[in-house]
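# Residue-level structure breakdown
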Number of protein chains: 2
Amino acid sequence: MLDIWLDADSGSNQPQYRQLYDEIRNRITNGSIADGSRLPSVRALQAALQLSKTPIETAYQMLVAEGYAVSKPRSGLFAIAPRAGTIPDAGKQKHGRAGLYPDIPLSERQFREGVLQPPKAFRIDFNTVGVDAALFPLRAWKKALHDTLEHEFLNHSGYGDPQGEYELRAILAEYLGQSRGVVCSPEQIVVGVGMAGSLKVILSLLDPIAIAAIEEPGFRTVRDVFLAAGTVVEPIPVGELGIRLEGLAESKADIVYVTPSHQFPTGAVMPYGERLRLLEWARERGAYIIEDDYDGEFRYRGKPIPSMQSLDPEGRVIYVGTFSKAFAPAFRMNYMVIPEALLPRLGAIGHLLSVPSRMDQLAMRTFIEQGHWYRHIRRMRNAYRRKHQRLSQLLQEHFGDAIAVSGGSAGLHIGVTVRTERSAAELMELAADGGVRVYDYARTWMGSIPGMGEATVYLGFGDLSEEELALGVSLLREAWGGAIARGN
Amino acid sequence: MLDIWLDADSGSNQPQYRQLYDEIRNRITNGSIADGSRLPSVRALQAALQLSKTPIETAYQMLVAEGYAVSKPRSGLFAIAPRAGTIPDAGKQKHGRAGLYPDIPLSERQFREGVLQPPKAFRIDFNTVGVDAALFPLRAWKKALHDTLEHEFLNHSGYGDPQGEYELRAILAEYLGQSRGVVCSPEQIVVGVGMAGSLKVILSLLDPIAIAAIEEPGFRTVRDVFLAAGTVVEPIPVGELGIRLEGLAESKADIVYVTPSHQFPTGAVMPYGERLRLLEWARERGAYIIEDDYDGEFRYRGKPIPSMQSLDPEGRVIYVGTFSKAFAPAFRMNYMVIPEALLPRLGAIGHLLSVPSRMDQLAMRTFIEQGHWYRHIRRMRNAYRRKHQRLSQLLQEHFGDAIAVSGGSAGLHIGVTVRTERSAAELMELAADGGVRVYDYARTWMGSIPGMGEATVYLGFGDLSEEELALGVSLLREAWGGAIARGN
C-alpha cells in the first residue's frame, strides 16, 4: 500500500488527490488491498509519499463518499471491496444490480437523502421534501402557462437568455427585495434548474476553492457537489444558533454554505448578531458565503430576520432560493443572486448555464405579476403552520417528556429528540420495522453514535394529511416503545 | 515572464496548467505583462519552468479562449490587457459594460455561436438555431400539458427521478430504436437540460479525460465545456466525409465528439465505412465517442445511415439527441444514451443530475404516445425540405457559378462557398453592413485566413419564411457584389 508512486514529475495534469484516489480505488477493486483491511493513517501516507495532508485527506474523503471505505470511530478507515459487477453505493448500502434500480425509479425522498436503496413499503413516510400537492394552485398555473404558450411562444421559441428570462429576473428582484430584503438588480439574478447546478455555477465563477465549510448535519447534495469538484470539505458542527462560528474560525475555508433562516435539518435560526459575526469572518478571510434560503417563505412565529445578503455591503454573500418548497419540486426551478463584482465572470461562462423551459419561466413571471404567487405563499404558510402545530401536538400527546420537539417554528419539518440509549440510526430502523420512515441525516464520516442518552430524528410533514400525521405518530409510539429511556 | 514559480511542491492541489493560466492572466490584468507584448513560446516556457508541453499548451489555449491573448499566424501569442472594469470577451471582441449586456439579453443566435456582443440591427438573420415556430403543434402540446397537470401533478409533485421520468425514457428508447437504430433500454437513457449539462455528466462518468478531440470547425459549447473541465482540446479538421480519421489517428485523444449524421456546421455526412473505421479507432484506443445526432430527424435525400451507436457492439458510443431542433429550443430538453458498462457509475452521481420539469417530461411522453410526435416530425421535415430547396435555388439564381452550396441535404442550414479573395470573416462583415447576418464558425486559434481563393459561410433557414429567404439572398448579392472573384 505504501508503494504508491504518483505521477508528480511526468507532466500528468491530474491533481495529486485524484491520482491517489484512483490508485487506492483500483487496488481495492482488484483486491490488492483486501476487503476489510485497514488503510494507512494519513500521517503514515504523508511520510511514505512525501505529500502534504490535504490531498491525502481529500482522497480518503472521496473513498468514503463513494463507498470504497468506511470510517470506524477511533479505529480508522477500512476498505470495502465491491461485489463483482457492481460498484459500491455511497455509504454502506450495497445492491446487487447494476444501475439505478432499473425497475424502481429514485423517489423524491431519496433525492435529499441521497440514499440509493429501493424504498421499502412504508405506511407513512415523514419525508422532508414533499409539498402539499392538493393545495397547489393548479387552475391559476394552467392559465398562466396556457396564456404564455398562446401569446408568447411564437416570439420566444429559441434558446433564450442563458441567465434566465429577463422579465422573470426583474420580478424576482422585486419580490426578493420586498420579502427577504435582498438588494439586487435583475442583472444579478441567475435562474437555474436546482441546487447542484447553481453550486457548480458558483464554483466556476470563483477562484478555485481549496476548502469548503459546510453545516454538519446538512444538505448532502451540497457536500457531494463540492467533493466532486475536488474541493476539500470541512463539516462544521451546528448548534442552537446555527453553524458554530468558533468551528468556522478554526477552519481554513474559502467558502461556507449555510441555511441561516432555518438550518437544514436541525431548524436552528441564526440570530442577527451571529449573522453579523459570520459576515465579519467572511470579510476578514476574503471568503464567500452561500446563503441557502430554501424555505424562507415559511416562518410561523415572530418577524423574519433579514437575509444575510441584505446585511452584506461587500458582496460576499451569494443568495440562493428555490421554487421547490413554496411551489413544487417537480418544476425544477431555482435562482440565485450573484454579487456585482462577479458579473463580468458570468459573461465568460454564459453559454454553459442551464435554465428551465422559457415557457415555465415566463408563466412564473405572469403568475407573480398577477398576484397569484403572494396569495399562494400566504395560503401555504397557513396550511403548513397548522400541520406544524398538529404534528407537535400529536408528538407531545404520545410521548410526553420522553421527547423534545425542535425546528424553529418554520419550514416543512421538525426535529424530535428522543430520550434513549439507542442511536438515531437505530431509531430509524425501529420505525421502519413499524412501517414509518423518519430521517436522521447522519452525515459525519463517523456516523451516528449510540449511548449518548438521546438521539434526534427529523420528521417532514409537507405532503402528509392530518390523518396521516396522526397515524404516523401512533405507529411511531408503538415502534419506539421499548427504546425510550425511563424518564425522571 | 519566465520567472513564474509554480506551487508544485507546497501541496497545492491546483493542476499545473491552472496555476500557469492564473499567473499569466493576473500579470496581463495588472500590466506586468504589457498589452500587445509577445508571450514566450511553449518551448521557451518548457525549458524555463521544467514543465512538459501539455500544461503550457492548455494554459495558452485557455488564455486565448478567455480573450487574454490572441494568436497571430506564424508569429505567436500576444497579450490582450482588459480595459479597466471589464474582462475580455472570448476572442477579440471587447465590450465596455460589466455583465451580460444588462439591458440586452443574449439571444438564441448568440448561444450556438458564443459571440458575446449585442445583436446589431439585422434585417435578416440566417441563424442556425431557430425553428419554425409558426408550425409548432401548439394545440396538441397544450392539451398534453393540460392533461398531465390535471391528472398527474398530484402524484408527481416531488423531485422525481434524477435520470428523468421512466415513462418518457421508455418511450424514447422505443422511438430511438425505430428511427435511428439506437439499441438501448430505458435504463440507459438520461434526460437532460441541454448539451453543456449532458457533456458535464459524461465527463463525470468517465475516468479523467486528458485529451478530447473535437471537430474543427464545430460546436463551440462542446469545446468550452471540455476546456472548463481542464481537458486539453485537440481540434481535428473536417473533410467531405466528416472528421478526418487520419487526424484523429495522430492525436492522443481519450474521447472524440462527432456529428456524423450532419456535421455541424459543414453538413458533411459520415459514410458507413468511415463510421466503422472510427469505431475501430475507439476500440483500439479504449476511447469513447460522443455521437451528437442533433438534427438526425431531418434528412431530405436518401436513406438515413444507421447511428454509430447501432454499429457499436462494445459500448464505446455515447449517443446524444435533443428536442431543440425537432421541437423547439425553448423547452431546454435533451437526452443521451449511456453505454451499459457505465450505468453503475451513474448510480454514484445520480443526485447531481439536472432534469427538466417533470410536467414537461410527462407531457412529452403523452405527446409521443398519442402519435403527435411522429406527425410533427413528418410535417417539419417537409417544411424544412421545401425551405432548403428554396434557399439553394435562390442562391443559384443570384450567384450562379460564383458559389457552391453544400450541406448534405439535411438539417436546418446550408454552407455557401464563395469564390473570393476575402476571408469568411470579411464576408460576414460585408453582409452585416448590408443588414444580413451569416455565420463563419471560425474556431481555430488562428482564425479564418484570407487569400485562399474561396471562403465558406453558413446560412440557417429554420425560422425564416420564404419571403425572408428571398429578401436575405438579394441583400447578400448586393453586399458581396464587389467581393466576388471573376469566375471562368
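Structure shown above.
Please read all numbers here as calculations on a predicted model, not as lab measurements.

A separate point is the overall build of chain A. Secondary structure summary: chain A contains 15 helices and 15 strands in total. Taking all 488 residues of chain A together, the buried fraction comes to 61%. Across chain A, contacts joining residues at least 24 apart in sequence account for 72% of those joining residues at least 6 apart. As presented, chain A carries roughly 18600 Å² of accessible surface, and 49% of it is formed by carbon and sulfur atoms.

Turning our attention to the packing of helix α6 (residues 166-180) of chain B against helix α12 (residues 358-369) of chain B. All names here are of chain B. Where α6 meets α12, the closest approach of the two axes is 8 Å, and the angle between their N-to-C directions is 35 degrees. You can see that α6 and α12 cross each other, and the crossing is left-handed. Residue-level contacts link Glu-167, Leu-168, Ile-171 and Leu-172 of α6 to Gln-361, Met-364, Arg-365, Ile-368 and Glu-369 of α12. Among the residues making up the contact of α6 with α12, the classes are represented as five nonpolar, one polar and three charged.

All names here are of chain B. Across the sheet, three strands lie side by side as β12-β13-β15; this open sheet has antiparallel pairing. Here the strands that pair on one side only, and so sit at the sheet edges, are β12 (403-406) and β15 (454-460). Going from strand to strand, the sheet's axes swing by 25 degrees on average, the running direction of each strand aside.

Our focus in this paragraph is the packing of aromatic side chains. The tally for this structure, following the rule as stated, stands at 37 aromatic pairs over all chains. Ring centres of Phe-327 of chain A and Phe-331 of chain A lie 5.2 Å apart, and the angle between their planes is 40 degrees; on these two criteria the pair is classed as tilted. When sorted by exposure, Phe-327 of chain A lands in the same class as Phe-331 of chain A, which is buried. Plain terms: the ring middles of Phe-327 of chain B and Phe-367 of chain B are 5.5 Å apart, the flat faces sit at 65 degrees to each other, and that makes the pair edge-to-face. Taken together, the residues span a long stretch of sequence, with Phe-327 of chain B in the loop between β10 (317-322) and β11 (334-337) and Phe-367 of chain B in helix α12 at a distance of 40 residues. Look at Phe-327 of chain B and you get buried, because its relative accessible area is 3%. One aromatic cluster in this structure is built from Phe-136, Trp-141, Tyr-175, Phe-323, Phe-327, Phe-331, Tyr-335, Phe-367, Trp-373 and Tyr-374 of chain A together with Phe-153 of chain B. Taking the ring centre of Tyr-288 of chain A as reference, the NZ or CZ of Arg-316 of chain A above it sits at 4.8 Å.

All names here are of chain B. In this structure, Ser-392 sits in helix α13 (residues 372-399). Along the chain, Ser-392 and Ala-404 lie 12 residues apart, while their C-alpha atoms are 9.5 Å from each other. Residue contacts for Ser-392: discarding those within four places in its chain leaves Val-405 and Ile-414. Of note is the side chain of Ser-392, whose polar atom sits 2.9 Å from the backbone oxygen of His-388.

Residues and elements named next belong to chain B. Here helix α15 (residues 466-480) is 15 residues long and its end C-alpha atoms lie 21 Å apart, about the 21 Å a rise of 1.5 Å per residue gives. Buried residues of α15: Leu-469, Gly-472, Val-473, Leu-475, Leu-476, Ala-479 and Trp-480, and no others. Taken around the axis of α15, the buried residues stretch over an arc of 165 degrees, which confines them to a single face. In α15, the exposed positions that point more than 90 degrees away from the buried face belong to Glu-467 and Glu-478. Where α15 is buried, its residues contact β3 (124-125), α13, β13 (413-419), α14 (424-433), β14 (436-437) and β15.

Counted by the stated rule, this structure contains 10 cavities of 30 Å³ or more. Estimated volume of the largest cavity: approximately 310 Å³. For the largest cavity, the lining is made up of 27 residues, of which Gly-197 and Ser-354 of chain A together with Val-193, Gly-197 and Ser-354 of chain B are closest to its centre. Secondary-structure elements contributing two or more residues to the lining of the largest cavity are β4 (189-192), α7 (195-205) and β11 (334-337) of chain A together with β4 (189-192) and α7 (195-205) of chain B. Here the lining of the largest cavity is composed, by residue class, of 15 nonpolar, 10 polar and two charged.

What follows is about the packing of helix α5 (residues 138-152) of chain A against helix α5 (residues 138-152) of chain B. At their nearest, the axes of α5 of chain A and α5 of chain B sit 11 Å apart, and the two run at 165 degrees to each other. Looking at the two axes, α5 of chain A sits roughly antiparallel to α5 of chain B. Judged by the twist between their axes, the crossing of α5 of chain A over α5 of chain B is right-handed. In this structure, α5 of chain A uses Leu-138, Trp-141, Lys-142, Leu-145, His-146, Leu-149 and Glu-150 of chain A to contact α5 of chain B, whose residues at the interface are Leu-138, Trp-141, Lys-142, Leu-145, His-146, Leu-149 and Glu-150 of chain B. Across the contact of α5 of chain A with α5 of chain B, the residue classes break down as eight nonpolar, two polar and four charged.

Ranked by size, the top nonpolar core spans 142 residues in total, and within it Phe-126 and Trp-480 of chain A together with Phe-126 and Trp-480 of chain B carry the most contacts. In terms of residue count, the dominant contributor to this core is helix α13 (residues 372-399) of chain A (nine residues). Once residues within four sequence positions are removed from consideration, Trp-480 of chain B is found in contact with Phe-399, Val-418, Leu-427, Leu-430, Ala-431, Val-438 and Val-457 of chain B.

We now examine the sheet that holds strand β8 (residues 255-258) of chain A. All names here are of chain A. With mixed pairing, the eight strands of this open sheet are ordered in space as β4-β11-β10-β9-β8-β5-β6-β7. With partners counted over all chains shown, the strands left at the sheet margins are β4 and β7 (242-243), one partner each. Lying on the sheet, α7 is in contact with β8, β9 (288-292), β10 (317-322) and β11; it crosses β11 at an angle near 25 degrees.

So, about the pairing of strand β12 (residues 403-406) of chain A. The side chains of a regular strand alternate between both faces of the sheet. All names here are of chain A. Relative to strand β13 (residues 413-419), β12 is paired through four bridges, and the arrangement is antiparallel. Its bridge partner being in β13, Ser-406 is matched across the sheet by Gly-415. Between β12 and β13, which pair antiparallel one after the other, the connecting turn spans six residues, and Gly-407 there sits at a positive phi close to 145 degrees.

Here is what the cut-offs are and how they apply
- Residues numbered from 1 in each chain as written.
- Chains lettered and ligands numbered in written order.
- Predicted model: local features only at pLDDT ≥ 70, side-chain atom pairs only at ≥ 80, totals over all residues.
- Heavy atoms only, no water.
- Helix = DSSP H or I, 4+ residues; strand = E, 2+ residues; numbered from the N terminus.
- Buried < 20%, exposed > 50% of the residue type's maximum accessible area, 1.4 Å probe, protein only.
- Contact = heavy atoms within 4.5 Å.
- Areas by Shrake-Rupley, 256 points an atom, 1.4 Å probe, with all protein chains shown as cover.
- Axes fitted to C-alpha atoms, helices over the stretch in contact; angles between N-to-C directions.
- Left-handed = near helix turned anticlockwise from the far one by under 90°.
- Nonpolar A, V, L, I, M, F, W, Y, C, P; charged D, E, K, R; others polar.
- Pairing = 2+ DSSP bridges.
- Phe/Tyr/Trp six-rings, centres within 6.5 Å; stacked < 30°, edge-to-face > 60°.
- Lys NZ or Arg CZ within 6 Å of the ring centre and 35° of its normal.
- Polar contact = N/O pair within 3.5 Å; in protein donor to acceptor, adjacent residues only side chain to side chain.
- Expected span 1.5 Å × (residues − 1).
- Arc of directions from axis to C-beta.
- 1 Å grid on protein atoms, 1.4 Å probe; cavity = no way out; pocket = protein on both sides within 12 Å on 5 of 7 lines; lining within 4 Å.
- Points joined across faces, edges and corners; volume = space filled by probe spheres on them.
- Parallel < 35°, antiparallel > 145°, perpendicular 65-115°, else oblique.
- Core = buried A, V, L, I, M, F, W, Y, C linked by side-chain atoms within 4.5 Å.

Read these as spatial facts, not as claims about activity.
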